[in-house]
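Below, each chain spelled out in residue letters.
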Amino acid sequence: MSKKGMKRFLALALAGSMAVGMIGCGKSEEGTTGSTASTTATTATTAETEASTEPVTEEVTEEKKDLNVKPGDVIVDMDFEDGKTGNFNVYTKGGKFEMENVNGQLVLHIETCGSVDYANQIFYDGYQLLQGAEYTFSFDVSSTIPRTIEYRSGQINGADYHAYQGEYIQIGPEVQTITADFFMEEESDPAPRMVFNMGKQTDMTEDPGPHDIIIDNIKLVVKDVTNAQVLEGLPDYPNVNIDQIGYLPNDLKTVVVKGKECTTFKVVDAASGATAYEGTLSDYAFHAAYDTLVRQGDFSELTTPGTYKVVTDVGESYPFVIGDGVYDEVYAAVVRMLYLQRCGIELSEADAHAFAHPACHTTEAIVYDDPGKKYDVSGGWHDAGDYGRYVVAGAKTVQDLMLAFEDYGIEADDMNIPESGNGVPDILDEARYELDWMLKMQEKSNGGVYHKVSCLNFPETVMPEEETADLYLASISVAATGDFAAVMAKASQVYAPFDKDFADTCFAAAKEAWKYIEAQGGIYYGYTNPEDFVTGEYKDAVVKDEVFWAAAELYLAGYTEIGDSLEAILAEVQIGSELGWADITGYAYYDLLRQSPEGIDAVMDSVKERFYSRLEQLAERADTYGMMLQANFPWGSNMTIANNGELMRMAYNLTGDEGYKKLAKRQLDYLLGENPMGYCFVTGYGQMTPKSPHHRPSQVKGEAMPGMLVGGADGALEDSYAKAVLYGQPPALCYADNAQTYSTNEVTIYWNSPLIYLLAACK
């Protein structure tokens, strides 16, 4: 571990507990089963014996000193004598309880047990477990009634939440001391979680009613480090950052170099070292998001095809290519990621290779609000690292694909998907797979659209066909219905030359969805998960932007009677021009501007002003990396960067202004390597690429599915792993390549889609 990494871990140890919000990509994840640590456990009443916590002595050899732990070290020690609750956090999912310190003990007042074992949970973060080390975990426990609980001395966070060590135990009025020795077999974890699950257990035939559980004297002690592995820190990031995929001959070509003293750079042939270009770096600048001094160089004048690298006094770049077609392979992979995310059909080995699997999620889904109804909603794309399918996420993705087709004439029909060779561009075949599923998500009785379909809980780390729990259709939402109406109306135009019947079906469905929206009388409620749902919420409290997008696309598709209400709807939409799943007005504005319909002059004037004022606001923020985020790198920052690039490219398409085109290219370059960490954030591409995304098929197969854009830096540190490993990092460097950190290393279809749009512009 580097000195910098060691400081981070020491700071974590001093910081103690850190609360964590259980959300991932707009979603929360919590698992309950599985144990992979070797364990020896004993149980005794305190009347019979005292638990032994005496350490096993061992001489620590020279090579073990870097472990920073030794036998006898007490990793966790909570006796609650301070009158506090030991830095435990509370989580409920259908259960109800209160936690307090009573007479120097932790008391959990259970009111109801809910329907799952983790319905009542306390958890503690803020320690480490080293692979190859042995530990002793102990605690005292009792209950005012006989019952079962589960403890976990450590579990993985952010993936399937399986236990490193834990047991279900029977407790009652007599105090027991639980002691367990366990050997950490899995990879070292800087952010495990200690858990007590006190919800409904499998041996409960009914809720036992109110009772208390008392816990005391919790200890986790290092027993043996003979075979322990050093906990790795963050990698050393390169000082010279370029687009690792390469550049078209006439592309804008930039390099960003860290350091104050370095003022010049050379571009050299990667094989011979011969100088091909020499340049001067810009004046240095300091940006708070990066917490370092950076300079920019431009070598756009170099157009000769070849393989090069940039050399400076502070280091050199990874090799890169200048030539025709440099983006073709990564473009194909980023599009094919959507095929590999398909649900409801078999993915053959011939087409999907390592990620082949039988048909999944083919059973009918139960309507959550009306359990007597079941519908076939098979199909569509798995949204992200889990297997939920969400209309709002799918709508953004489909819109990006249709725009890429329209704006850049993407005609390829040979991208190795089942529909290849059918005479329809594969990008539209892929979008149609999602549109066909979305049509199934519409309630035929009223035109409304169900927000999502998923199981109630996230699955363990399994392939999609192994998630066999009941599927549920969540409530109808205006957000989903508006997005549905918008993309169906647009699809009625895009697909008309290829399949008029399908185009007509889309237009009819869009109009039915609009009728549902009109029936709400202008009062629109955002979506929130019902109590039993743990999977992705995609919570959106403000949905008038979705309503306007629907109205705009319907008008453009020929539903002109809606024109009289467009101005009134737009007046209620917040100023802005965004392309996110929640704030989505940019799509409406762009399609209106690119088609320039007649008869709505006041609307068009307002749209034009809104669209370009937002673009200018963004452009003024551009820093040395070309980023427009300032110090705010949010969850899914790579999507925000890709969206910003898409907006800039849209503006170039409308105006021909080269400044917009250059800013769009800078966003693409950032995603492909010209960023302060030097990552090409697309799995399987570039010299420094994510290898451990939060993505269940990749975790099962032990290799990253190629072509996925990971979330990227998240300065808010929104999962336990991020808090542990990235503590003290500047916002733009708050990324870790680990499956546990769902807030920085998950993937989604709608992060890939704006990247598809940007890459399509380069073809």
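Residues numbered from 1 in each chain as written. Predicted model: local features only at pLDDT ≥ 70, side-chain atom pairs only at ≥ 80, totals over all residues. Heavy atoms only, no water.

**Quick look at the overall build of the protein**
The line we're drawing: Strands here are runs of E lasting at least two residues and helices are runs of H or I lasting at least four, both read from the DSSP assignment and numbered beginning at the N terminus. When we talk radius of gyration, it's over C-alpha atoms, and the globule rule is simply 2.2 Å times the number of residues to the 0.38. The classification of residues rests on relative accessible area computed with a 1.4 Å probe and restricted to protein chains. Under 20% of the type maximum is buried, over 50% is exposed, and intermediate values are partly exposed. In what follows, residue pairs with any heavy atoms lying within 4.5 Å of each other are defined as contacts. Every accessible area reported is derived by Shrake-Rupley at a probe size of 1.4 Å, with residue values counting cover from the shown protein chains alone. Within this scheme the basic residues Lys and Arg register as positive and the acidic residues Asp and Glu register as negative, but His and the chain ends are omitted. A charge is said to be at NZ when it belongs to Lys, at CZ for Arg, at CG for Asp and at CD for Glu.
In terms of regular secondary structure, the protein is built from 17 helices and 26 strands. In terms of C-alpha radius of gyration, the protein reaches 28 Å, essentially the compact-globule figure of 27 Å for 763 residues. With the C-alpha coordinates of the protein rotated into their principal frame, the extents come out at 85 × 70 × 50 Å. Burial status across the protein gives 60% buried among its 763 residues. Put simply, of all contacts in the protein between residues at least 6 apart along the chain, 74% involve residues at least 24 apart. Just so you have it, the protein exposes about 27900 Å², and 46% of that area is on carbon and sulfur atoms. Averaging the locations of the 54 positively and 118 negatively charged side chains of the protein gives two centres separated by 4 Å.

**Notes on the pairing of strand β3 (residues 89–92)**
Applicable threshold: Two strands make a pair as long as DSSP finds a minimum of two bridges between them.
The side-chain alternation of β3 yields one buried face, formed by Asn89 and Tyr91, and one unburied face, formed by Val90 and Thr92. Here β3 runs beside strand β6 (residues 120–125); their pairing, made up of four bridges, is antiparallel. Across the sheet, the residue bridging to valine 90 is isoleucine 122, located in β6.

**Observations regarding the pattern of salt bridges**
Stated precisely, the cut-off is as follows: We define a salt bridge as a contact between a side-chain nitrogen of Lys or Arg and a carboxyl oxygen of Asp or Glu at a distance within 4 Å.
A full pass over the atoms with the stated rule returns 27 salt bridges. Of the charged contacts, one joins glutamate 406 and lysine 490 as a salt bridge, the two residues approaching to 2.6 Å between their closest N and O atoms. One end of the pair, glutamate 406, is in helix α4 (residues 391–408); the other, lysine 490, is in helix α6 (residues 478–494), with 84 residues separating them in the sequence. On the basis of relative accessibility, which here comes to 0%, the residue lysine 490 falls in the buried class. Of the charged contacts in the structure, one is a salt bridge between glutamate 406 and arginine 594, with a shortest N-O distance of 3.1 Å. On the criterion of sequence distance, the pair formed by glutamate 406 in helix α4 and arginine 594 in helix α10 (residues 585–595) is long-range, its members being 188 residues apart. Bridged by salt links that share partners, the residues Glu406, Asp407, Lys490, Asp591 and Arg594 form one connected network.

**Quick word on the nonpolar core**
Operational definition: Residues enter a nonpolar core if they are buried and are Ala, Val, Leu, Ile, Met, Phe, Trp, Tyr or Cys, with the set joined through side-chain atoms within 4.5 Å.
Counting 174 residues, the largest nonpolar core has Tyr327, Trp514, Phe548 and Phe611 as the members making the most contacts within it. If near-sequence neighbours (up to four positions away) are discounted, tyrosine 327 is found in contact with Asp243, Ile245, Gly246, Tyr247, Leu248, Asp251, Lys665, Leu668, Asp669, Leu672, Leu759 and Cys762. Core analysis: the second largest hydrophobic core is formed by 43 residues, Phe182, Ile215, Val222 and Ala228 among them.

**Regarding the packing of aromatic side chains**
What counts is decided by this rule: Any Phe, Tyr or Trp ring, taking Trp's six-membered ring, that has another such ring centre within 6.5 Å forms a pair; planes under 30 degrees apart are called stacked, those over 60 apart edge-to-face, and the others tilted. Whether a charge lies above a ring is judged from NZ of Lys or CZ of Arg, which has to be within 6 Å of the ring centre and within 35 degrees of the ring normal.
Tallying each qualifying case throughout the model produces 35 aromatic pairs. Between the aromatic rings of tyrosine 124 and tyrosine 127, the centroid separation amounts to 5.9 Å while the plane-to-plane angle is 5°, which identifies the pairing as stacked. For the pair shown, tyrosine 124 and tyrosine 127 are each scored as buried. Ring centres of tyrosine 247 and phenylalanine 320 lie 5.5 Å apart, and the angle between their planes is 85°; this geometry places the pair in the edge-to-face category. In this pair, tyrosine 247 sits in the loop between β13 (240–241) and β14 (254–258) while phenylalanine 320 sits in strand β21 (residues 320–322), placing the two residues 73 residues apart along the sequence. Residue classification places tyrosine 247 among the buried residues on the basis of a relative accessible area of 0%. The exposure class assigned to phenylalanine 320 is buried, which follows from its relative accessible area of 1%. An aromatic cluster is defined as three or more aromatic residues linked by ring pairs; in this entry it consists of Phe88, Tyr124, Tyr127, Phe137, Phe139, Tyr151 and Phe196. Over the face of the ring belonging to tyrosine 433 we find arginine 342, whose NZ or CZ atom lies 4.4 Å from the ring centre. Stacked on the ring of phenylalanine 502, the Lys or Arg arginine 432 has its end atom at 3.8 Å from the ring centre.

**Re the state of the cysteines**
Stated precisely, the cut-off is as follows: Disulfides are defined as pairs of cysteine sulfur atoms found within 2.5 Å of each other.
A full pass over the atoms with the stated rule returns zero disulfides. Not engaged in a disulfide, the cysteine cysteine 360 finds its nearest cysteine sulfur in cysteine 343; these two sulfurs lie 3.8 Å apart. For cysteine 360, a relative accessible area of 2% corresponds to the buried category. Not part of a disulfide, cysteine 762 finds its nearest cysteine sulfur in cysteine 680, a span of 13 Å. Residue classification places cysteine 762 among the buried residues on the basis of a relative accessible area of 14%.

**Observations regarding the environment of leucine 554**
Inspection of the secondary structure puts leucine 554 in helix α8 (residues 544–556). Considering only alpha carbons, one finds leucine 554 and lysine 723, 169 residues apart in sequence, at a separation of 45 Å. Each residue touching leucine 554, except ones within four places of it in the same chain, is listed here: Ala489, Phe507, Ala510, Lys511, Trp514, Tyr559 and Ile562.

**Observations concerning the side chain of glutamate 150**
In this structure, glutamate 150 sits in strand β8 (residues 147–155). The exposure class assigned to glutamate 150 is buried, which follows from its relative accessible area of 4%.

**Some words on the sheet that holds strand β22 (residues 365–367)**
Pairing between the strands of a sheet is mediated by backbone hydrogen bonds and can be parallel or antiparallel. Taking strand neighbours across the sheet as the criterion, the five strands line up as β23-β22-β26-β25-β24 in an open arrangement whose pairing is mixed. Only two strands of the sheet have a single partner each, and these edge strands are β23 (374–375) and β24 (389–390). One ladder, built from two bridges, connects β24 with strand β25 (residues 452–454); its direction is antiparallel. Looking at the pairing, arginine 389 lines up with valine 453 of β25.

**Looking at unusual backbone geometry**
Positive phi is not limited to glycine here, since phenylalanine 80 has a value of about 60°. Located in the positive-phi region is asparagine 217, a residue other than glycine, with phi close to 55°.

**Quick word on the sheet that holds strand β18 (residues 292–298)**
Strand order in this open sheet of four strands is β13-β14-β18-β17, and the pairing throughout is antiparallel. Since the sheet does not close on itself, it has two edges, and those belong to β13 and β17 (285–287), each with one partner. With five bridges connecting them, β14 and β18 associate as antiparallel partners. Residue pairing for β18: valine 256 is matched across the bridge by glutamine 296.

**As for the confidence of the model for the protein**
Applicable threshold: Confidence scores labelled pLDDT are given residue by residue by the predictor and lie between 0 and 100.
Per-residue pLDDT for the protein has a mean of 91; in total, 91% of the residues score no lower than 70. Considering only residues more than four positions removed or in separate chains, one finds that residues 1–65, a stretch of pLDDT under 50, has 179 contacts.

**Thoughts on the environment of tyrosine 284**
Looking at where tyrosine 284 falls in the secondary structure, it is placed in the loop between β16 (275–280) and β17. Classification of tyrosine 284 as partly exposed rests on a relative accessible area of 39%. For the pair formed by tyrosine 284 and threonine 263, sequence separation is 21 residues and the distance between their alpha carbons is 8.7 Å. The residues touching tyrosine 284, leaving out its near neighbours within four places in the chain, are Lys260, Leu293, Val294 and Arg295.

**Overview of the packing of helix α2 (residues 328–340) against helix α17 (residues 749–760)**
Put simply, the rule is: Axes here mean lines fitted to C-alpha atoms, for a helix over just the part in contact, with angles spanning 0 to 180 degrees between N-to-C directions. Put simply, angles under 35 degrees are roughly parallel, angles over 145 are roughly antiparallel, angles from 65 to 115 are roughly perpendicular, and the rest are oblique. Left-handed describes a crossing whose near helix is turned anticlockwise from the far helix through less than a right angle; right-handed describes the clockwise counterpart. Asp, Glu, Lys and Arg are counted as charged, while Ala, Val, Leu, Ile, Met, Phe, Trp, Tyr, Cys and Pro are counted as nonpolar; the rest, among them Gly, fall into the polar class.
Contact pair α2 / α17: the axes reach a minimum separation of 9 Å and the direction vectors enclose 150°. It follows from the interaxial angle that α2 and α17 lie roughly antiparallel. Viewed along their axes, α2 and α17 form a crossing whose handedness is left-handed. In this structure, α2 contributes Val330, Tyr331, Val334, Val335, Met337 and Leu338 to the contact, and α17 contributes Ile749, Asn752, Leu755, Ile756, Leu759 and Ala760. The residue makeup of the contact of α2 with α17, split by class, is 11 nonpolar, one polar and no charged.

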